[in-house]
Amino acid sequence: MNFVFRADASINMGTGHVMRCLTLADALSSKGARCQFICREHHGHLIEKIRSKGYDVHGLPVGREADTDLAHSLWLGASQTEDAQACVSVLAQLRPDWLVVDHYALDIRWETALSVHCDRMMVIDDLADRRHDCNLLLDQNFGSSTMRYAGLVPSNCQQFHGPKYALLNPAYADWRATRGRKNDVIGRVMVYFGGGADPADLAGMALRALSHEALTSFEVDVVMGAVSAHRQTLEALATQRGRVTLHTSLPDLVGVMAKADMAIGAGGATMWERCCMSLPSLVISIAENQRPACKALADENLIEYLGHVDCVQADSMTDAILRFRNDFARLERRRQACGALVDGMGVERVVAFLLP
């Protein structure tokens, strides 16, 4: 079977959309499917990374024309009509069995235009803010349900909802099946705020918080995005504090998460990876669409939600870390609760549907 993925990465949108599509593509390829990608060449794209994994990528140039009617229209780098026309020239030759779309700037207009050039279409979404024309919809957010997409998808659309279907690298489930967390104290902290530029320098804020005199004994792993805007600042803070290891361009976060006793990070796709590995987290939402899931998880005592990026300070982060350090029972409750939420088998469930 042939699959084509339409997804982008950039400084503004981060890398999560492409990375979860890559995870799905890897799982499909391991079962004999052929996968290709269509990506625009935004600053911060991951086209070379996709190609390094053996997939053909059809690159599209970034244009000046753009729609403005969707909340994320400007993320496309073209109008939906222009993007659809560019994709038709690729799909007409391939005639894929499935076209997989993971893009907040595309909706029913683009999907309907491309539907005649593929047998079936899968949409990966988190927002539920626009209509879709698809055969399968996946929203891996906590608390998502068919009611959330009432009137937004066709009545015969198959829907998968919740972290049960989170598209995680199988390495997380493998670690979960063979290892476990045994430490009864906090000795190591992981800091990661996505593969984008981290414009608010939240990683730097976390290092400042962890420089409190009561926390300097902790070992700290800071994972930076390849396009981090604050690399020099982080290097200086790491040298000043000591006991800090800086990482970049990691193939996945399994190794770093396996060593950590707690994490400080954003509310995107990495949240499900942390849950799968039973890693208690202090979470800051860095995009509007992350707020609902973060709040819902916090309400269920699954994470410690510090708030949105524009209202969090280093002092409040320090206080939250100290609460974890001084109340191991609280940490352990978070560990058990988040670990029970995500088993890491979501990609297998999706593949079983796509390749029955």
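Bear in mind the structure is a predicted one, so any value in this text is a computation, not a measurement.

> Teacher, can you tell me more about the overall build of the protein here?
Scanning the protein from N- to C-terminus turns up 13 helices and 13 strands. Over its C-alpha atoms the protein spans a radius of gyration of 20 Å, differing by no more than 12% from the 21 Å that the globule rule assigns to 356 residues. Here the protein, with 356 residues, has 55% of them falling under the buried criterion. For the protein, the share of sequence-separated contacts (at least 6 apart) that also reach a separation of at least 24 residues comes to 60%. Carbon together with sulfur atoms contributes 48% to the accessible area of the protein, which is approximately 14800 Å² in total. Taking the 36 positively charged and 42 negatively charged side chains of the protein as two groups, their mean positions are separated by 5 Å.

> Could you clarify how one ought to interpret helix H7 (residues 231-241) in this entry?
Since one α-helical turn is 3.6 residues long, residues separated by three or four positions face the same way. Along H7, the residues that are buried comprise Leu234, Leu237, Ala238 and Arg241. Angularly, the buried residues of H7 cover 100° about the axis, an arc narrow enough to put them on a single face. Facing away from the buried side of H7 by over 90 degrees, the exposed positions are Gln232, Thr239 and Gln240. Structurally, H7 contributes buried residues whose contacts are with helix H6 (202-209), strand E9 (219-224) and strand E10 (244-248). Following H7 by one or two positions, Gly242 adopts a phi angle in the positive range, close to 80°.

> Where do I start with the packing of H6 against helix H11 (residues 314-326) in this structure?
The contact between H6 and H11 brings their axes to 8 Å, and the two run at 55°. On the basis of their axis angle, the class for H6 and H11 is oblique. When you trace H6 past H11, the crossing you get is right-handed. Between H6, through Met205, Ala206 and Ala209, and H11, the contact on the second element is made entirely by Ala314, Met317, Thr318 and Ile321.

> Is there a simple way to explain the pattern of salt bridges in this structure?
Pairing of side chains with opposite charge becomes possible as their charged atoms draw close. By the definition in use, this model includes 23 salt bridges. We note a salt bridge from Glu48 to Arg51, for which the minimum N-O separation is 3.2 Å. Remark: Arg51 and Glu48 occur in helix H2 (residues 47-52); sequence separation between them is 3 residues, near one turn of the helix. With relative accessibility at 38%, the residue Arg51 sits in the partly exposed group. Residue Arg148 is joined to Asp139 by a salt bridge in which the shortest nitrogen-to-oxygen separation is 2.4 Å. Under the relative-accessibility criterion, Asp139 is labelled buried at 0%.

Procedures and definitions
Residues numbered from 1 in each chain as written. Predicted model: local features only at pLDDT ≥ 70, side-chain atom pairs only at ≥ 80, totals over all residues. Heavy atoms only, no water. Helix = DSSP H or I, 4+ residues; strand = E, 2+ residues; numbered from the N terminus. Rg over C-alpha atoms; globule rule 2.2 N^0.38 Å. Buried < 20%, exposed > 50% of the residue type's maximum accessible area, 1.4 Å probe, protein only. Contact = heavy atoms within 4.5 Å. Areas by Shrake-Rupley, 256 points an atom, 1.4 Å probe, with all protein chains shown as cover. Lys, Arg positive; Asp, Glu negative; His and termini not counted. Charge placed at Lys NZ, Arg CZ, Asp CG, Glu CD. Arc of directions from axis to C-beta. Axes fitted to C-alpha atoms, helices over the stretch in contact; angles between N-to-C directions. Parallel < 35°, antiparallel > 145°, perpendicular 65-115°, else oblique. Left-handed = near helix turned anticlockwise from the far one by under 90°. Salt bridge = Lys/Arg side-chain N within 4 Å of Asp/Glu carboxyl O.

Nothing here speaks to function; it is all geometry.
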